[in-house]
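This is what each chain is made of:
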Amino acid sequence: MLSKLYGYAGKILRINLTKFEIKIENVDKELARNYLGGRGFNVRRLYHEVPKGIDPLDPQNKLMFATGPVVGTGFPLGARLNVTAKSPQTKLLGDSNVGGHFAAEMKYAGFDQIILEGRSRKPIYIYICDGDIEFRDASNLWGLPISKAYNAIRRELRDWRVQIAIIGPAAENFVKFSGIFFNVYRPAARTGLGTVMASKNVKAIAIRGNGYIEVAKPREFEKFIEEIERDVYSHVQYWPRRIMGTSRILLAANRLGILPGYHFTKPVLNYAFDVSGEKLALKYNVKNRGCFSCILPCSRFFVVKKGIYAGIYGEGPEYEALAGMTVRIGNKDLDAALKAINLINDLGMDVISLSEVISWAMELYEMGIISREETNGLDLSWGNMDAVLELIEMIAYRRGFGDVLADGVVEAAKKLGRGADVAFHVKGLEIIQADPRGLKGYGLGFAVASRGADHLRSEPFIELMDDPRIGEEMFCESEATLRLGIRGKGKLVAYYENICALIDSLEVCKNIAENMNILTYDKIAKLISITTGLNVSIKDVILIGERIVNIERAYIVREGIRRKDDTLPKRFLKEPIREGPSKGHVIELEKMLREYYKVRKWDPETGIPTINKLKELGLHDIIEDLKKHKVPLK
């Protein structure tokens, strides 16, 4: 019987910024068994340590960074991290997942989780080197864009390999959809967690470690890695993902008729190739780049080689940024899009939310609902990139019309008193770059996701294969894996929500799980056992994923979310797609929702998890807490 908990650094670092106090705690074995790491660790602590109803910018909010048991072991594609707090954007669950090298360095420095509490009296950055923690003055860094602040910290520490999580001017100006950026180009940007970090007067966390991570069964672990590597290298998606990453989705979405063109009014565009991942690969990309221990380096480094933007370079872009700064806003100029994406990253904002507030404003402007006078003289016609570039800075610094948009599309519609019907969000989080009318499982996933309109809480990528045989085999319902089907979607979404929660707690890349379908439940159970020494079954790992989904639901239910909030904007429910392969379709949400609640064993009238379901998952303390807060349980 193994008594040591392998795979973990074994320590949690708690930093009280108000008192500048450090506390180090041990990782609890039962916590590891039930929540695994990363996303699971964070949401469990968020639920119990951040009081109901507090303002997200209150010092009582906690900002948590947690990684998982396979990170730092050399497991391929095991390099990710979750950042969590109460969201200033949605007032609900704030959570974002990021790759790169920070997570492994955090493990080597000795920590599985870092928790920031309270608020510093002055701007600081935190330097963690193995077990030593320093608070360093950041007054000279406050106000700097991310790239300049990042380089300044590296110069000050005289360490070019230090890993840095950092915020930009948008966060410091409390733009509600600002993010935390890791080594300049890797964002944990959704739900406004950069704003939480800014509210604590923390500009950055710089981390360096010289430790190592042991696994429980090294020989079995090495054999398992060899098996996974063979599966990845031989997979049909390997080369497309390696060459183009997610940028390859743009042309695929055009073929399916699900582009968010011109704010979800044009799903098929004749200039899609000119702003595609294929065009980037042919004309702009100069090298590949991967996360720590990655064998599928899907990020790319690009250079603009000619034209007025010649000399611009950067990492990516991924599909969400690419589509957001091209087709969603009616822009045909790829060079200008790359300029805009670099600017958004350097100022530190979520490109998905930003693309929504800008495309929303453009649609209102084109319809004559807002005037040029109201936009401070900006001509917000479709594709006007001079105006877009100016507006990006106006939002980051809350100048003029930019201040109207800086709190997100929900608040922007309230401030203007117009445009709420075409403000595309769920629970306050803006929708991604795909039209759910042509991807109905994704649409259901957006509606029920614990952090708002979210494709990564449930990413039923298998729906894109449009193969009824897979649906029949997995869910006894052929329509479940047809993108325009309705039946079986509750089963589909619940299945992928559970496995996504599990993957985000292991902290491996979703490329290897639901996208390539390599890391299945049986393999996850084996991986956990040989890495950590915890003897877990397939049933155990399924319950870990389901437990995390349910505690996230309990958290947002405690904050007031009910069934009525599990919905989509009217355009997707009432207005059929006008053209292309998905023409004529809307989202038949109610039918899918009913099935989803039945699969989840949640109350179909309220959307609240039932007492029996919470008991089944061992969440007895959650039941008592919900009762204490007068949540109507059945």
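Please refer to the structure placed before this passage.
Residues numbered from 1 in each chain as written. Predicted model: local features only at pLDDT ≥ 70, side-chain atom pairs only at ≥ 80, totals over all residues. Heavy atoms only, no water.

## Focus: the packing of aromatic side chains
Our working definition: When two rings of Phe, Tyr or Trp (its six-membered ring) have centres within 6.5 Å they constitute a pair, described as stacked for plane angles under 30 degrees, edge-to-face for angles over 60, and tilted for the intermediate range. Between buried and exposed lies partly exposed: a residue is buried under 20% and exposed over 50% of the maximum accessible area for its type, with that area taken using a 1.4 Å probe on protein chains only. Note on criteria: charge over ring means Lys NZ or Arg CZ within 6 Å of the ring centre, with the direction from the centre no more than 35 degrees off the ring normal.
All told, the structure shown has 19 aromatic pairs when counted by the stated rule. When the ring of Y495 is compared with that of Y496, the centres are 5.0 Å apart and the planes differ by 80°; the resulting orientation is edge-to-face. For Y495, a relative accessible area of 23% corresponds to the partly exposed category. Overall, the relative accessible area of 1% leaves Y496 in the buried class. Through successive ring pairs, a cluster of aromatic residues spans F475, Y495, Y496 and Y521. The side chain of R121 reaches across the aromatic face of F20, ending 5.3 Å from its centre. Just above the ring of F461 sits the side chain of R241; from NZ or CZ to the centre is 5.1 Å.

## Brief notes about the packing of helix α20 (residues 489-506) against helix α21 (residues 521-532)
The line we're drawing: Orientation is described by axes fitted as lines to C-alpha atoms, over the contacting stretch for helices, and by angles from 0 to 180 degrees between their N-to-C directions. Counting from the N terminus, the helices are DSSP H or I runs at least four residues long and the strands are E runs at least two residues long. Orientation labels follow simple angle bins: below 35 degrees gives roughly parallel, above 145 gives roughly antiparallel, 65 to 115 gives roughly perpendicular, and whatever is left gives oblique. Helix crossings get a hand from a simple test, with the near helix turned counterclockwise from the far one by less than a right angle marking a left-handed crossing and a clockwise turn marking a right-handed one. Contact between two residues is taken to exist if any of their heavy atoms lie within 4.5 Å; hydrogens are not considered. For this classification, the nonpolar set comprises Ala, Val, Leu, Ile, Met, Phe, Trp, Tyr, Cys and Pro, the charged set comprises Asp, Glu, Lys and Arg, and every other residue, Gly included, is treated as polar.
With their axes 12 Å apart at the nearest point, α20 and α21 run at an angle of 25° to one another. The orientation of α20 relative to α21 falls into the category roughly parallel. α20 and α21 meet at a crossing whose hand is left-handed. Each of Y495, N498, I499, L502, I503 and L506 in α20 lies in contact with α21, whose residues at this interface are Y521, I524, L527 and I528. Across the contact of α20 with α21, the residue classes tally to nine nonpolar, one polar and no charged.

## Observations regarding the sheet that holds strand β14 (residues 299-303)
Keep this limit in mind: A pair of strands counts as paired when DSSP detects no fewer than two bridges linking them.
An order of β13-β14-β15 is seen for the three strands of this open sheet, with the pairing classed as antiparallel. The open sheet has two free edges, formed respectively by β13 (285-289) and β15 (313-315), since each of these has just one partner strand. Each strand axis lies, on average, 15° off the axis of its neighbour in the sheet, ignoring direction. Sheet topology places β13 next to β14; four bridges connect them, and they run antiparallel. For K287, the partnering residue across the bridge sits in β14 and is F301.

## A few points about the pairing of strand β8 (residues 132-137)
Where strand β7 (residues 124-129) and β8 come together, six bridges link them in antiparallel fashion. Residue pairing in the sheet places I128 in a bridge with I133 of β8. What sits between β7 and β8 in their antiparallel hairpin is a turn of two residues, with D130 showing a positive phi close to 55°.

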